[in-house]
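Each chain, written out:
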Amino acid sequence: MTTDYRFLKACNSEPVDTTPVWMMRQAGRFLPEYRAVRSKVSFLEMCHTPALCTEVTLQPIDILGVDAAILFSDILVIIEPMGMKLDFNPSPVFEDPIKTQADADALRVIKPEEDVPYVMETIKMLRRELVSRNVPLIGFSGAPFTLVSYMVEGGTSKNFMKLKNMMWGAPQLYRSLMEKVTECVILYLKAQVEAGAQALQIFDTWGGILSPADYLNYVLPYTMRVIKAVQTPGVPVINFVGNSQGIMPLVAQAGGDVIGVDWRIDIAEARRQVGKGKAVQGNLDPLALLAPIPEIDKKVKEIIVAAGDTGHVFNLGHGIVPETPVDHVKALVESVHRHGESHRVK
Ligand code: CP3
């Protein structure tokens, strides 16, 4: 199943002609072409419409020249068929967050082909479109912990009080919820591979809000189970945890062929903590894309030199922000390819 894509080669720590690059949230509001599509429909309608998801997934490929496509969707769409009403206004809101064991027991385990057919259809459409562009497709899911955080908090949270209260005060409830969500995530990711996803990224945006001991106890076993269950030859798994600088060795222990690296740690240090045999992905501060282009170029070179010769996928340390100038993003892609190549020609 070895292919010629430099993104997949880098994920497998094989030699590449230059460093591959893609960006989290690369299909998004910083692109006028995205805003044009989005102005006609709500965000959820967009997520439910394969033709629109396909169109905006392809935008960064055609406009920016990145080396991988990421399925356009949202980590929260699988929570709807589990039985919770989701709204975006613009940040996500669940009206009735999970509070009791009865709430958790009422949640359904999803059947991806029936419950989120639009995601599977988008993947199939994208694979057809991507052949001529010679770019591989990344599928994704939220990690169980990040999904559960939204289900318990009812949205984005400042200090995750409800979640932590449940974790420590009602551990049985917390664990039964994590078990059910873990099962759904496994089914969802397996269905994405079946439909044609060529790599998978697991987003654990909020994994870094816990102490190392709590991450080990309350998060790692579930992420590890997901990664083991979805492992498919030729389909690398990227394990991204936000704010992971204090728990890098544990994130690596949870698994993944590639470890996503936040910008708050030097990528050489992250690689040392991750250990041998895994690639790293990252780690430019997304706000650095607002800096003057020569400054971006300098930071790109530093990251590429620090990351080492093989097993590096260039990315941001988190999602691109809507205020980012498009010409700066184009300059970033050019910069990564130029420094990535000259770094290799000895
Ligand atoms: O990366 C990509 O281009 C693929 C698409 C994608 C989106 N969300 C589109 C989106 C992916 C992979 C995600 C993942 C996601 N969604 C995460 C994990 C990654 C991360 O950023 O940490 C999380 C936590 C969510 C939940 C979510 N979705 C929030 C908190 C918000 C609102 C905040 C915001 O940025 O507006 C969203 C909305 C969302 N998801 C938008 C996009 C393009 C903006 C929606 C719009 O057009 O109004």
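The coordinates are above.
Residues numbered from 1 in each chain as written. Predicted model: local features only at pLDDT ≥ 70, side-chain atom pairs only at ≥ 80, totals over all residues. Heavy atoms only, no water.

1. What about the overall build of the chain?
Stage number 1. Of regular secondary structure, the chain possesses 17 helices and nine strands.
Stage number 2. In terms of overall dimensions, the chain has a C-alpha envelope of 60 × 45 × 40 Å along the principal axes.
Stage number 3. Within the chain, counting contacts between residues at least 6 apart in sequence, those at least 24 apart form 73% of the total.
Stage number 4. Of the roughly 14,000 Å² that the chain leaves accessible, carbon and sulfur atoms contribute 54%.
Stage number 5. For the chain, the distance from the average site of its 35 positive side-chain charges to the average site of its 39 negative ones is 3 Å. (Helix = DSSP H or I, 4+ residues; strand = E, 2+ residues; numbered from the N terminus. Contact = heavy atoms within 4.5 Å. Areas by Shrake-Rupley, 256 points an atom, 1.4 Å probe, with all protein chains shown as cover. Lys, Arg positive; Asp, Glu negative; His and termini not counted. Charge placed at Lys NZ, Arg CZ, Asp CG, Glu CD.)

2. Brief notes about the pairing of strand β6 (residues 237-241)
Stage number 1. With five of five residues buried, β6 lies mostly within the body of the structure.
Stage number 2. Here β6 shows two buried faces, one formed by Val237, Asn239 and Val241 and the other by Ile238 and Phe240.
Stage number 3. For strand β5 (residues 199-204) and β6, the ladder comprises five bridges, and the chain directions are parallel. Bridge pairing in β6 places isoleucine 202 opposite asparagine 239. (Buried < 20%, exposed > 50% of the residue type's maximum accessible area, 1.4 Å probe, protein only. Pairing = 2+ DSSP bridges.)

3. Comments concerning the environment of tryptophan 22
Stage number 1. Here tryptophan 22 lies in the loop between α1 (6-11) and α2 (32-38).
Stage number 2. Each C-alpha atom, one on tryptophan 22 and one on proline 60, is 9.0 Å from the other, the two residues being 38 residues apart in sequence.
Stage number 3. Sequence-distant contacts of tryptophan 22, defined by excluding residues within four places in its chain, comprise Phe7, Val66, Ala68, Ile70, Ile138, Gln201, Gln281, Val313, Phe314 and Asn315.

4. Considerations on the site of the ligand
Stage number 1. The full set close to the ligand counts 25 residues, and Arg25, Tyr34, Asp74, Thr205 and His318 are the nearest of them.
Stage number 2. Within the backbone of glutamine 26, a nitrogen or oxygen atom sits 3.2 Å from an oxygen atom of the ligand.
Stage number 3. A distance of 2.6 Å is found between an oxygen atom of the ligand and a side-chain nitrogen or oxygen belonging to tyrosine 34.
Stage number 4. Relative to its free-state accessible area of 880 Å², the ligand is covered by the protein chains to the extent of 90%.
Stage number 5. Of the residues assigned to the shell around the ligand, the class counts are 15 nonpolar, six polar and four charged. (Near = heavy atom within 4 Å. Polar contact = N/O pair within 3.5 Å; in protein donor to acceptor, adjacent residues only side chain to side chain. Nonpolar A, V, L, I, M, F, W, Y, C, P; charged D, E, K, R; others polar.)

5. Regarding unusual backbone geometry
Stage number 1. Proline 90 follows asparagine 89 through a cis peptide bond whose omega is -10°.
Stage number 2. By secondary structure assignment, the location of proline 90 is in the loop between β2 (86-88) and β3 (92-94).
Stage number 3. A positive phi angle is found at arginine 25, which is not glycine, with a value near 65°.
Stage number 4. Considering the arrangement of structural elements, one finds arginine 25 in the loop between α1 and α2.
Stage number 5. The backbone of phenylalanine 160 shows a phi angle near 55°, a positive value even though the residue is not glycine.
Stage number 6. Relative to the helices and strands, phenylalanine 160 resides in the loop between α9 (144-153) and α10 (161-169).
Stage number 7. A relative accessible area of 4% means that phenylalanine 160 is categorised as buried.

6. Considering the packing of aromatic side chains
The way to describe two aromatic rings as a pair is by their centre distance and the angle between their planes.
Stage number 1. Evaluation of the coordinates by the stated rule reveals seven aromatic pairs.
Stage number 2. For the ring pair tyrosine 34 and phenylalanine 72, a centre distance of 5.8 Å and an interplane angle of 50° mean the geometry is tilted. Of this pair, tyrosine 34 sits in helix α2 while phenylalanine 72 sits in the loop between β1 (69-70) and α5 (79-82), and the two are 38 residues apart along the sequence. With respect to class, tyrosine 34 is no different from phenylalanine 72; both count as buried.
Stage number 3. Note on phenylalanine 140 and phenylalanine 203: the rings are 5.5 Å apart at their centroids and 90° apart in plane angle, and the pair reads as edge-to-face. Here the residue phenylalanine 140 occupies a position in strand β4 (residues 137-142), and phenylalanine 203 occupies one in strand β5, the gap between them amounting to 63 residues. Each member of the pair, phenylalanine 140 as well as phenylalanine 203, is classed as buried.
Stage number 4. Through a chain of ring-to-ring contacts, three or more aromatic side chains come together here, namely Tyr34, Phe43, Phe72 and Phe88. (Phe/Tyr/Trp six-rings, centres within 6.5 Å; stacked < 30°, edge-to-face > 60°.)

7. Brief notes about the sheet that holds strand β7 (residues 258-260)
Working definition: the strands of a sheet are paired by backbone hydrogen bonds and lie parallel or antiparallel to each other.
Stage number 1. Spatially, seven strands are ordered β1-β4-β5-β6-β7-β8-β9 in an open sheet, and the strand pairing comes out parallel. Each of the sheet's edge strands pairs with one partner strand only, and the pair in question is β1 and β9 (312-316).
Stage number 2. Of the pairings in the sheet, the one linking strand β8 (residues 279-284) to β9 comprises five bridges and is parallel in character. If you follow asparagine 283 over to β9, its bridge partner there is asparagine 315.

8. Brief notes about the environment of serine 335
Stage number 1. Examined against the element boundaries, serine 335 turns out to sit in helix α17 (residues 326-344).
Stage number 2. C-alpha of serine 335 to C-alpha of lysine 301: the two residues are 34 residues apart in sequence and 7.8 Å apart in space.
Stage number 3. When near neighbours in sequence (up to four residues on either side) are disregarded, serine 335 contacts Asp297, Val300 and Gly340.

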